[in-house]
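Summary of structural features
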Amino acid sequence: MKNIEDLLQQEHFSRQDLIQLLQTDIIDRNKIYAKAAEIKTKYVGNKVYYRGLVEFSNKCIKDCYYCGIRASNSNTVRYDLSDESVLYAVKYAYENNYASVVFQSGERQDKAFVKRITNLLRESKKVTNNEIGITISLGEQSREVYQEWFDAGAHRYLLRIESSNRELFEQIHPKNERHLFETRMKALYDLQDIGYQTGSGVMIGLPFQTVEHLADDLLFFKNFGIDMVGMGPYVEHSQTPLYRFQNQLLPQVERFNLTLKMIALLRIIMKDINIAAATALQAIDKAGREKALKVGANIIMPNITPTENRSNYLLYENKPCIDESADDCSHCLEARIHLAGDSVGYNEWGDSWHYKKRVI
Ligand code: 5AD
Ligand code: FES
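Attention in this report is confined to the structure presented alongside it. (Residues numbered from 1 in each chain as written. Chains lettered and ligands numbered in written order. Predicted model: local features only at pLDDT ≥ 70, side-chain atom pairs only at ≥ 80, totals over all residues. Heavy atoms only, no water.)

Along the chain, Arg156 falls in strand β5 (residues 156–158). The class for Arg156 is buried, based on a relative accessible area of 0%. Of note is the side chain of Arg156, whose polar atom sits 2.9 Å from the backbone oxygen of Trp349. Apart from residues lying up to four places away in sequence, Arg156 is in contact with Arg51, Ser100, Ile134, Thr135, Ile136, Tyr196, Gln197, Met228, Trp349 and Asp351. (Helix = DSSP H or I, 4+ residues; strand = E, 2+ residues; numbered from the N terminus. Buried < 20%, exposed > 50% of the residue type's maximum accessible area, 1.4 Å probe, protein only. Polar contact = N/O pair within 3.5 Å; in protein donor to acceptor, adjacent residues only side chain to side chain. Contact = heavy atoms within 4.5 Å.)

The subject of this paragraph is the packing of helix α9 (residues 211–224) against helix α10 (residues 252–269). Where α9 meets α10, the axes come as close as 11 Å, and the angle between the chain directions of the two elements is 35 degrees. Considering how the two elements wind past one another, α9 and α10 form a crossing that is right-handed. Contacts from Leu214, Asp217, Leu218, Phe221 and Lys222 of α9 reach α10 at Leu258, Met262, Leu265, Leu266 and Ile269. Looking at side-chain class alone, the contact of α9 with α10 contains eight nonpolar, no polar and two charged residues. (Axes fitted to C-alpha atoms, helices over the stretch in contact; angles between N-to-C directions. Left-handed = near helix turned anticlockwise from the far one by under 90°. Nonpolar A, V, L, I, M, F, W, Y, C, P; charged D, E, K, R; others polar.)

Quick look at the packing of aromatic side chains now. Scanning the model with the defined rule gives 15 aromatic pairs in all. Ring geometry for Tyr50 versus Tyr346: centroids 5.8 Å apart, planes at 90 degrees, classification edge-to-face. Highlighted residues: Tyr50 in strand β1 (residues 47–50) and Tyr346 in the loop between β11 (343–344) and α14 (353–359), separated in sequence by 296 residues. For Tyr50, a relative accessible area of 1% corresponds to the buried category. Ring geometry for Phe113 versus Trp149: centroids 6.3 Å apart, planes at 75 degrees, classification edge-to-face. Residue Phe113 is found in helix α5 (residues 111–126), and its partner Trp149 is found in helix α6 (residues 143–151); the two are separated by 36 residues along the sequence. (Phe/Tyr/Trp six-rings, centres within 6.5 Å; stacked < 30°, edge-to-face > 60°.)

An ideal rise of 1.5 Å per residue puts 26 Å on 18 residues; α10 measures up with 26 Å between its terminal C-alpha atoms. Of all 18 residues in α10, 15 are buried; the element is thus mostly enclosed. (Expected span 1.5 Å × (residues − 1).)

Mapping Gly195 onto the fold places it in the loop between α8 (181–194) and β6 (197–200). Separated by 144 residues in sequence, Gly195 and Leu339 have C-alpha atoms that sit 36 Å apart. When sequence neighbours within four positions are dropped, the list of residues in contact with Gly195 reads Phe150 and Tyr355.

This paragraph deals with unusual backbone geometry. Apart from glycine, the bulk of residues carry a negative phi angle, and the bulk of peptide bonds sit in the trans form. In this structure, Asn129 takes a positive phi of about 60 degrees despite not being glycine. Structurally, Asn129 is set in the loop between α5 and β4 (133–137). Even without a glycine there, the phi angle at Asn347 is positive, about 60 degrees. By secondary structure assignment, the location of Asn347 is in the loop between β11 and α14.

With that settled, the discussion passes to the pairing of strand β9 (residues 274–277). Residues Asn274 and Ala276 line one face of β9 and the alternating positions Ile275 and Ala277 line the opposite face, and both faces are buried. Here strand β8 (residues 228–233) runs beside β9; their pairing, made up of four bridges, is parallel. Of the residues in β9, the one forming a bridge with Met231 is Ala277. Chirality of the crossover, the property in question, places the unit of β8, α10 and β9 among those that are right-handed. (Pairing = 2+ DSSP bridges. Right-handed = clockwise from strand over helix to strand, strands pointing away.)

Overall, the coordinates contain 29 salt bridges when judged by the stated rule. When the shortest N-O distance is used, the salt bridge between Lys40 and Asp342 registers 2.6 Å. Of this pair, Lys40 sits in helix α3 (residues 26–43) while Asp342 sits in the loop between α13 (326–339) and β11, placing them 302 residues apart in sequence. Here Lys40 matches Asp342 in class, with each residue buried. Among the salt bridges present, the one from Arg358 reaches Asp227, with a minimum N-O distance of 2.5 Å. Taken together, the residues Arg358 in helix α14 and Asp227 in the loop between α9 and β8 connect sequence positions 131 residues apart. Taken together, the salt bridges that share partners define one network made up of Lys62, Glu107, Glu140, Glu162 and Arg184. (Salt bridge = Lys/Arg side-chain N within 4 Å of Asp/Glu carboxyl O.)

As structure tokens, this is what we get:
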């Protein structure tokens, strides 16, 4: 065991160092948080960038064991926003100086879907004077499809690895061709190679997950050279197969604290990446996202999905803000960001510095 102060002075961290840091108690935990806050200020500054999140459809062909909108969940009322509604949300983001949007939906790979997205990307640029930054989070696709969407205007892609440990990945997904660890990994490499700012992430506090797995996740992000990360606590959903392991889970507060530690450690080992304060944090603690900002996160994704559909996009239970309009959300959010000691980077894309350095 190393002394925590010495450990935090290091430039490089071994797997064993990360495991030790993930296991720290409350007093030492605060030292990790302080170090992460210092690094955040120094390397990416205290501006938080918004990505207006449009969850435009919950139709999904996959069946992930943890996810509330999995294809087999017949209790979910399926919706698909019209192009008009999506573009309305894009304009809302633009007019409110958000500078970027994220399009997220359940996974689909059919031709009609691919074309629709290509068209939406082009239209989104058109209605915003070519200025809006677009992140997409639309699952696993072929390299050609990723290229088509890149050419149509998307420049960032979020695809969580969920767990970088193959065995754990396989435990939380059905064992079939649609849910392969290799496919997920190849997709991430394709995205990076095409030139996307590439984002990934994991869930924290999954059944069967250990601190060793989490240390490996941090090293995976580092070795892959990821530009952006969004990771949040696993929040059980009663209509999913993983729910039967709920008795084996860490209490929610501990999952939350472990997530904050993961964010802080990630900021320490990857100083210049963008780290999102995931919405799932807020499902456990009302001030969850602001707490994440204090320990290293610098991106927030305010939900700007038109409200009538929000309650159907339930990946997990207790999802916050499903009754509020986009306006309510952004006003209370800005105040909370100021309380966390940050300001909002309005009208700025806030691209990942890690990406900018990588592509020079
Ligand atoms: N708890 C927390 N996060 C979840 N996600 C899906 N289901 C859950 C859950 N039950 C996350 C996954 C996915 C992202 C869109 O939402 O990590 O990649
Ligand atoms: Fe839809 Fe996992 S359940 S992608």
